[in-house]
Amino acid sequence: MTTTGSSGTSRRGSASRSASKGSAGKGSAARRGAGKRPTGQPRSRSAGARVSTGSSAGAGRDAATLKKAARREQRRVRRLEGHRRRKARRSFFWRHRRPLYVLGVLVVAGVIGLAAVLSRVQLPDAAALEQTSYICGAEVDAGCAHGNEIASLQAGINRELVSFPQVPPVVVQAVLSAEDRDYFRHSGIDPFGIARALVRDIQSRGGLQGGSTITQQYVKNAFLTQERTLSRKLREAVLAVKLDRARTKEEILTAYLNTIYFGRGAYGVQAASNAYFGQGIEFVGIEYETPEKSPIGLAKAAYLAGLIRSPETADVYFDPEEAEFRRDSVLLGMVEEGYITVEQMTLAQAVPMRVVDDRARGYVQPRLESADGTTIYYHHAGAEYFVDAVRQWLVDSFGAQQVFSGGLRVYTTLDRDLQNAAYATIYGRPETVGPPVDGVLDEEGDPAGSLVAIDQTGQVKALVGGKDFSVSQVNLATGQAGGGSGRQPGSTFKPFALAAAVEDGLSPLSTFPAPNEVIFAGANDGADWNVSGGASSSGKYNLIDAMAQSSNTVYAQLMLREGAAKVVELARSMGVTAELPAVPALVLGSGEVSVLDMATAYSTFANRGSFVAPTLVTRVEDSSGNVVWRAPDYDPQRILEIETADAVTSALTKVIDEGTGNQAKLPIQAAGKTGTTEDYRDAWFVGYTCRDAGMLTAAVWMGYPGTDGQPVTSMVNLHGVEKVGGGTFPAQIWARFMTEATKDTAACTLPTSTRFPGERVDVQGVEEVKGTIPAGAFRTTTTAPPSTTTSAAPSTTTTAAPAGSTTTTTTGSGSGSGAGSGNGDGNGDGNGDVTTTSTEVTATSLAPTGTTSVPPTSAP
């Protein structure tokens, strides 16, 4: 029994040692567990005795049981050890529970305080976005925007607002794939999106997607600064949540698409599409919906979305590889979001990334640099001068801020066909622009030319202010308003003296002596006024014939009879805005006027005595389409009696039919007047005719612009013409332009008269005008003209001379009966310095070449 007991004790000890060996080094808890009865060990000592005294089979079973018990004990010990460790950890927090409690209270208080502070942050009103203003021609009567404009005005920010329906869905999908894929699912901020973007950056898996939401990006651009601080980020998050609650997703996305910068000075998706593709954003959607162009539309949408992160480096103009990578990354994101298929992505990736003018070979347009905030899209026809005049008027009327950043839509009067014809007639048209046209002044070193055409409602339909705006910004058509000083009008001022006389009751059939030269002592502000040119073989001219032959001596007498002040007043009321000297020499063209002034004044004759102020603009709309200015309704002001205007028209038709303006003849009836100034420095033709759309008046000037401090060069020996006067090249330019402008007009009958109003007088001698000048202050000399069959005695002008000097105005004769002393042009309309010989000059007629209008230039 002793042995058995010892044996049982020994087995228990062995089991304990076995358990202890399995948990060696595991502490006092393991040692305490070793002394306990293992689970499953026999409770009675007799059982143990049977183990030692029984059969070998029983011993084997007992040993297996002990092994199982040992393993169970080991597992229990490990559980106890894990429990001890967890208890030890709890005990760390328990030991530091007080400081941790204080820290927790402070954190909670801080969060509550921060929330309280941020909750007071108010959602500010977004500042008004600067927008590009657009100027359109007369062919656009609504919807002036990029693509149909002739020019745009901007203050460094090119932007055109669009509504959400205007943005094609494919563009929206591309932007969401690149910037915020969960935009329509989150509430302004997206923690999961931030984490996802971080993982993608770490894994470098490609695909462009930012951590900030579109709402946060808009908040940063519209309300906050670009500083990188925690407070700014917190404020951004709070405002994003508030904005998300205050506005719809579509409203926020639209504001975002109108705000963000895309490079090339373009702000907003519409301006970006115009800057990169030369077309509005709606056309991107149209291309995407067109099967054969769908890859191009998709590529464009992805390209725009790829620009948002890095507008300059992603511009294909600077880095084609980077641009292609970003575009393709957006396309990949669109596939992942299920917007497009892999096949669509592949086709879009094959679209070339090139910058070329030809859209068939590449869809990104060249960068278009603008100067002074003005970009011209209508080239090759001198439209820059028209645009500059409109810009000046806009700034004067609305202020620079509104003009360059207010998104105005400006509808103008410019007729592209007439503008093309006017410019091509003067300067020619190169083959690269359209059917080539030889201009009258298209050779190197030729004088400059200017033309203004006005219709019967006062709308300026064409305005050529110079040849090349990049070389000279002086607008020769608008005089002082265009940076110049105006030019002397020559004999084109004689119709104003005739109109004043008829209004005064004098019949245009009244006759005056027509000597070759007359000197009015003291008549020119105390100086002698020597007038030459315009002699008649019969010794007399009535006022209509004197107009046709541009007789200076006759109209000098008429000017003295009527008085210079009266003629000045009448010219101003008819549209001449320049300051005019009230001197008798004004009738021969002293003073300086603009081409626009002369066209306006002659249109009063064309309108049978009714004045209409000229206008370049018909209406102006704000960015929302509201009309903020409209041209006054057609309301002609009666300046001349109808009979007076018709009498002047009768005289001016004879200028073209029988007089100095015969090179201005048209297939239809027309009226006009030549003008040439001293030393052939200026040459004019101003006239009018009718067309199906109503009366059209055009004024043409040519001359060398001159430089400060230097005399203006005389126009001599030009294209085979010895001395250039109004009856030569200006008349030809006018005729070619008017022929093109009236090509669809079958016939035209101007309102002329056969029975004229007023008293018909027959002035027998020059002395009869002495009542208007000091007694004895005139002398006359008459030279018998040669006997010829046709007459053409031209006119001229002079400026006032200092008191005590003698001012001489001479007019040479062309081929014809109205010979006179001095210089003359080919049609007898010229003047120059005094000479004692008669000069006969024949002008070389430049046969007009057919002028074909250039199709409107498409926007780049």
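In what follows, the structure referred to is the one given above.
Our subject in this report is the structure included herewith.

So, how was this worked out
- Here the residue numbering is sequential within each chain, running from 1 through the sequence in written order.
- Totals for whole chains, interfaces and linings use all residues, but because this is a predicted model, local features are given only for residues with pLDDT of at least 70 and pairs of side-chain atoms are given and counted only at 80 or more.
- Computation of side-chain values: all heavy atoms of the structure, hydrogens and water removed.
- Helix and strand definitions follow DSSP, with helices as H or I runs of at least four residues and strands as E runs of at least two, each counted in order from the N terminus.
- Summary of the burial criterion: residues with accessible area below 20% of their type's maximum are buried, those above 50% are exposed, and those between are partly exposed, where the area comes from a 1.4 Å probe applied to protein chains only.
- By the convention used here, residues are in contact when the closest approach between their heavy atoms is within 4.5 Å.
- Each accessible area value is a Shrake-Rupley result obtained with a 1.4 Å probe; residue values ignore everything except the protein chains displayed when judging cover.
- We call two strands paired when DSSP finds no fewer than two bridges between them.
- Cysteine sulfur atoms are paired as a disulfide whenever they fall within 2.5 Å.
- In this scheme, a helix's expected span is set at 1.5 Å multiplied by one less than its residue total.
- The angle between two axes is taken between their N-to-C directions and runs from 0 to 180 degrees, where each axis is a line fitted to C-alpha atoms and a helix contributes only its stretch in contact.
- Throughout this description, the term nonpolar core refers to a set of buried Ala, Val, Leu, Ile, Met, Phe, Trp, Tyr and Cys residues connected via side-chain atoms within 4.5 Å.
- Pairing of aromatic side chains requires ring centres within 6.5 Å, counting the rings of Phe and Tyr and the six-membered ring of Trp. Pairs whose planes differ by under 30 degrees are stacked, by over 60 edge-to-face, and all others tilted.
- Cation placement over rings: the criterion is NZ of Lys or CZ of Arg within 6 Å of the ring centroid and within 35° of the ring normal.
- Should an angle fall under 35 degrees it is taken as roughly parallel, and over 145 as roughly antiparallel, whereas 65 to 115 is taken as roughly perpendicular and any remaining angle as oblique.
- Crossing handedness is defined as follows: a turn of the near helix away from the far one that is anticlockwise and smaller than a right angle gives a left-handed crossing, while the clockwise case is right-handed.
- For this classification, Asp, Glu, Lys and Arg are treated as charged, while Ala, Val, Leu, Ile, Met, Phe, Trp, Tyr, Cys and Pro are nonpolar and the rest, including Gly, are polar.
- For the purposes of these results, a polar contact is taken to be a pair of N or O atoms within 3.5 Å, where, inside protein, one atom must be able to donate a hydrogen and its partner to accept one; residues adjacent in sequence count only when each atom of the pair is a side-chain atom.
- By salt bridge we mean one thing: a side-chain nitrogen of Lys or Arg within 4 Å of a carboxyl oxygen of Asp or Glu.

Concerning the overall build of the protein chain
Part 1 of the reasoning: Helix and strand counts for the protein chain stand at 25 helices and 24 strands.
Part 2 of the reasoning: Per-residue burial for the protein chain yields a buried fraction of 54% across its 860 residues.
Part 3 of the reasoning: Here the analysis covers contacts within the protein chain between residues at least 6 apart in sequence; of these, 70% occur between residues at least 24 apart.
Part 4 of the reasoning: With the model as given, the accessible surface of the protein chain reaches about 37500 Å², and the carbon-plus-sulfur share is 52%.

A few points about the pairing of strand S18 (residues 670-676)
Part 1 of the reasoning: Summarising burial for S18: seven of the seven residues are buried, a large majority.
Part 2 of the reasoning: Residues Ala670, Gly672, Thr674 and Thr676 line one face of S18 and the alternating positions Ala671, Lys673 and Gly675 line the opposite face, and both faces are buried.
Part 3 of the reasoning: Pairing of S18 with strand S19 (residues 683-691) involves seven bridges; the strand directions are antiparallel. Looking across to S19, one finds that Gly672 is bridged to Gly687.
Part 4 of the reasoning: Between the end of S18 and the start of S19, which pair antiparallel, lie six residues, with Asp679 showing a positive phi angle near 60°.

Things to note about the state of the cysteines
Part 1 of the reasoning: A full pass over the atoms with the stated rule returns two disulfides.
Part 2 of the reasoning: The partner cysteine of Cys136 in its disulfide is Cys144, sulfur to sulfur 2.1 Å. Here the S-S torsion is close to 90°, and the disulfide linking Cys136 with Cys144 is therefore right-handed.
Part 3 of the reasoning: Two residues, Cys690 and Cys748, share a disulfide whose sulfurs are 1.5 Å apart. Negative torsions about the S-S bond denote left-handed disulfides, and the value of about 135° found for Cys690 with Cys748 makes this one right-handed. Of this pair, Cys690 sits in strand S19 while Cys748 sits in the loop between helix H25 (729-741) and strand S23 (778-781), placing them 58 residues apart in sequence. As far as burial versus exposure is concerned, Cys690 and Cys748 are alike and both buried.

Concerning helix H13 (residues 294-307)
Part 1 of the reasoning: Between its terminal C-alpha atoms H13 stretches 20 Å, which fits the 20 Å expected from 14 residues at 1.5 Å a residue.
Part 2 of the reasoning: Most of H13 is tucked away: 12 of the 14 residues are buried.
Part 3 of the reasoning: As for H13, its buried residues are in contact with helix H6 (169-179), strand S4 (261-263), helix H11 (269-277), helix H12 (281-289), helix H14 (320-336) and helix H15 (342-349).

Quick word on the sheet that holds strand S8 (residues 448-455)
Part 1 of the reasoning: Sheet architecture is open: five strands sit in the order S9-S8-S20-S19-S18, paired in antiparallel fashion. Of all the strands in the sheet, the pair left with one neighbour each is strand S9 (460-464) and S18. Here the strands of the sheet are splayed against their neighbours by 10° on average, with no regard to which way each runs.
Part 2 of the reasoning: Strands in contact with helix H23 (residues 595-606) are S8, S9, S18, S19 and strand S20 (694-703); relative to S20, the strand with the most contacts, it is inclined by about 150°.

Here we look at the nonpolar core
Taken as a class, soluble globular proteins show a tendency for nonpolar side chains to be buried jointly.
Part 1 of the reasoning: Membership of the largest hydrophobic core comes to 134 residues, with the highest contact counts inside it found for Phe496, Trp529, Tyr555, Trp734 and Phe737.
Part 2 of the reasoning: Residues contacting Phe496, with those up to four places away along its chain left out, are Val567, Leu570, Ala571, Met574, Val576, Met598, Ala601, Tyr602 and Phe605.
Part 3 of the reasoning: Val162, Val170, Val219 and Ala348 belong to the second largest nonpolar core, which has 57 residues in total.

Examining the packing of aromatic side chains
Part 1 of the reasoning: Taken as a whole and judged by the stated rule, the model has 16 aromatic pairs.
Part 2 of the reasoning: Judged by centre distance (4.6 Å) and plane angle (40°), the ring pair of Tyr261 and Tyr267 falls under tilted.
Part 3 of the reasoning: Judged by centre distance (4.7 Å) and plane angle (70°), the ring pair of Trp393 and Trp629 falls under edge-to-face. Of this pair, Trp393 sits in helix H16 (residues 383-398) while Trp629 sits in strand S16 (residues 627-630); the two residues are 236 residues apart in sequence, bridging distant segments of the chain.
Part 4 of the reasoning: Each residue in the set Tyr276, Phe277, Tyr303 and Tyr363 is aromatic and connected to the rest through ring pairs, giving one cluster.
Part 5 of the reasoning: The side chain of Lys300 reaches across the aromatic face of Phe277, ending 5.1 Å from its centre.

Comments concerning the packing of helix H19 (residues 494-503) against helix H21 (residues 552-562)
Packed helices, taken two at a time, are described by their axes: the angle between them and the distance between them.
Part 1 of the reasoning: With their axes 10 Å apart at the nearest point, H19 and H21 run at an angle of 45° to one another. Between H19 and H21, the angle is such that the two are oblique. Here H19 runs over H21; the crossing is left-handed. Residue-level contacts link Lys494, Ala497, Leu498, Ala500 and Ala501 of H19 to Asn552, Tyr555, Leu558, Met559 and Glu562 of H21.
Part 2 of the reasoning: Residue composition of the contact of H19 with H21, grouped by class: seven nonpolar, one polar and two charged.

Describing the side chain of Ser491
Part 1 of the reasoning: Mapping Ser491 onto the fold places it in the loop between S9 and H19.
Part 2 of the reasoning: Only 3.4 Å separates the side chain of Ser491 from the side chain of Ser550, close enough to count as a polar contact.

Points about the pattern of salt bridges
Part 1 of the reasoning: Here the structure, examined in full by the defined rule, presents 25 salt bridges.
Part 2 of the reasoning: As a salt-bridge pair, Arg487 and Asp682 come within 2.7 Å of each other at their nearest N and O atoms. One end of the pair, Arg487, is in the loop between S9 and H19; the other, Asp682, is in the loop between S18 and S19, and 195 residues separate them in sequence.
Part 3 of the reasoning: For Asp682, a relative accessible area of 5% corresponds to the buried category.
Part 4 of the reasoning: Notably, a salt bridge pairs Arg572 with Glu579, separated by 3.3 Å at the nearest N-O pair.

What to know about the sheet that holds strand S5 (residues 266-267)
Part 1 of the reasoning: Overall, mixed pairing links the three strands, which are arranged S3-S5-S4 in an open sheet. Across the chains shown, the open sheet's two edge strands, defined by having one partner strand only, are strand S3 (158-159) and S4.
Part 2 of the reasoning: Two elements, S3 and S5, share two bridges in a ladder whose sense is parallel. Bridge pairing links Arg159 to Tyr267 in S5.

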